[in-house]
Amino acid sequence: MALPFNLNTTTATKAKGEKVEYITPGAYECKITGLTTSDQLEDYKGSPFIQYSVSSNGKVGRCRFWAVKETDKPSTKEWKTKQLKDFLINAGVRDFSDDSKAMNDAIDKSLMVTFISEEYIGKNKENEEPVIRTSVKYRWSAKSGGKCTYNQDMNQELNEDQMHEFTMKHSAWTAAKSAMPSSDNDEDMPF
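The sections below set out a description of the structure shown in this document. Small disclaimer: the values here were computed from a predicted structure and weren't measured. (Residues numbered from 1 in each chain as written. Predicted model: local features only at pLDDT ≥ 70, side-chain atom pairs only at ≥ 80, totals over all residues. Heavy atoms only, no water.)

**A word on the nonpolar core**
Counting residues in each nonpolar core, the largest one holds 22 residues, and the members touching the most others are Ile32, Tyr52, Cys63, Phe87 and Leu88. Of all the elements in the fold, those that place two or more residues in this core are strand 1 (26-37), strand 2 (49-56), strand 3 (59-66), helix 1 (74-90), helix 2 (99-105) and strand 4 (110-123). Apart from the residues lying within four places of it in its own chain, the contact partners of Cys63 are Ile50, Gln51, Tyr52, Val54, Phe87, Val113, Phe115 and Tyr138. (Core = buried A, V, L, I, M, F, W, Y, C linked by side-chain atoms within 4.5 Å. Buried < 20%, exposed > 50% of the residue type's maximum accessible area, 1.4 Å probe, protein only. Helix = DSSP H or I, 4+ residues; strand = E, 2+ residues; numbered from the N terminus. Contact = heavy atoms within 4.5 Å.)

**Some details on a nonpolar patch on the surface**
On the surface, Leu41, Tyr44 and Trp66 cluster together into a nonpolar patch covering about 260 Å² of accessible area. Tracing the sequence through the fold places Tyr44 in the loop between strand 1 and strand 2. (Patch = residues over 30% accessible without salt bridge, like charges linked within 9 Å, V, L, I, M, F, W, Y side chains within 5 Å. Areas by Shrake-Rupley, 256 points an atom, 1.4 Å probe, with all protein chains shown as cover. Salt bridge = Lys/Arg side-chain N within 4 Å of Asp/Glu carboxyl O.)

**Quick notes on the pairing of strand 1**
Pairing between strand 1 and strand 4: six bridges, direction antiparallel. Of the residues in strand 4, the one forming a bridge with Lys31 is Ser110. (Pairing = 2+ DSSP bridges.)

**A word on the sheet that holds strand 2**
Read across the open sheet, the five strands follow the order 3-2-1-4-5; overall the sheet is antiparallel. Edge positions in the sheet fall to strand 3 and strand 5 (130-143), since each of these pairs with one other strand and no more. When the angles between neighbouring strand axes are averaged without regard to direction, this sheet yields 40°. Relative to strand 5, helix 1 is tilted by about 60°, and along the sheet it contacts strand 1, strand 2, strand 3, strand 4 and strand 5. (Axes fitted to C-alpha atoms, helices over the stretch in contact; angles between N-to-C directions.)

**Here's the deal with the pairing of strand 5**
By the bridge criterion, 13 bridges tie strand 4 to strand 5 in an arrangement that is antiparallel. Within the sheet, the bridge partner assigned to Lys123 lies in strand 5 and is Pro130. If you look at the hairpin formed by strand 4 and strand 5, you'll find six residues sitting between the two strands, and Glu128 has a positive phi there, around 65°.

Right under this line is the structure:
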């Protein structure tokens, strides 16, 4: 149930050469600065989502909510709806008679947000080497000034099966790389 129109889109860009600082795992008082939907992204083919941009002490974060799909189980539909509605209520939204208006009413509001980290297997863009990456994700929220719990054990590391998968992928990549013939350029190296 992603929005079919372009409302309150914001970007996290800074002046040229200035780096954007992102929120790290923890609990923060955040201001909602924008709303983006997966419909607004060129060539996006994944599951539909609604994403709020938030800021806290000059750092930027994202709170992503997966859209309800017809193929979702009833319990999944209920969980997705409740997660977004709780976020909106915590941001001070009270009128839910129009979904689009309710989602946009959260812009410029403040709330407490807990972010966690999650490890996943990715690839180095330059050489395709499998690597373990970490993303920071929305966990839950509370009303502005309220209590929002964060503990380091909430962070999600790769489990044993995923570590085994990573090891296998990395071993295969290493074997393939060492089996590649050296290029003529390698012989011109000074060492």
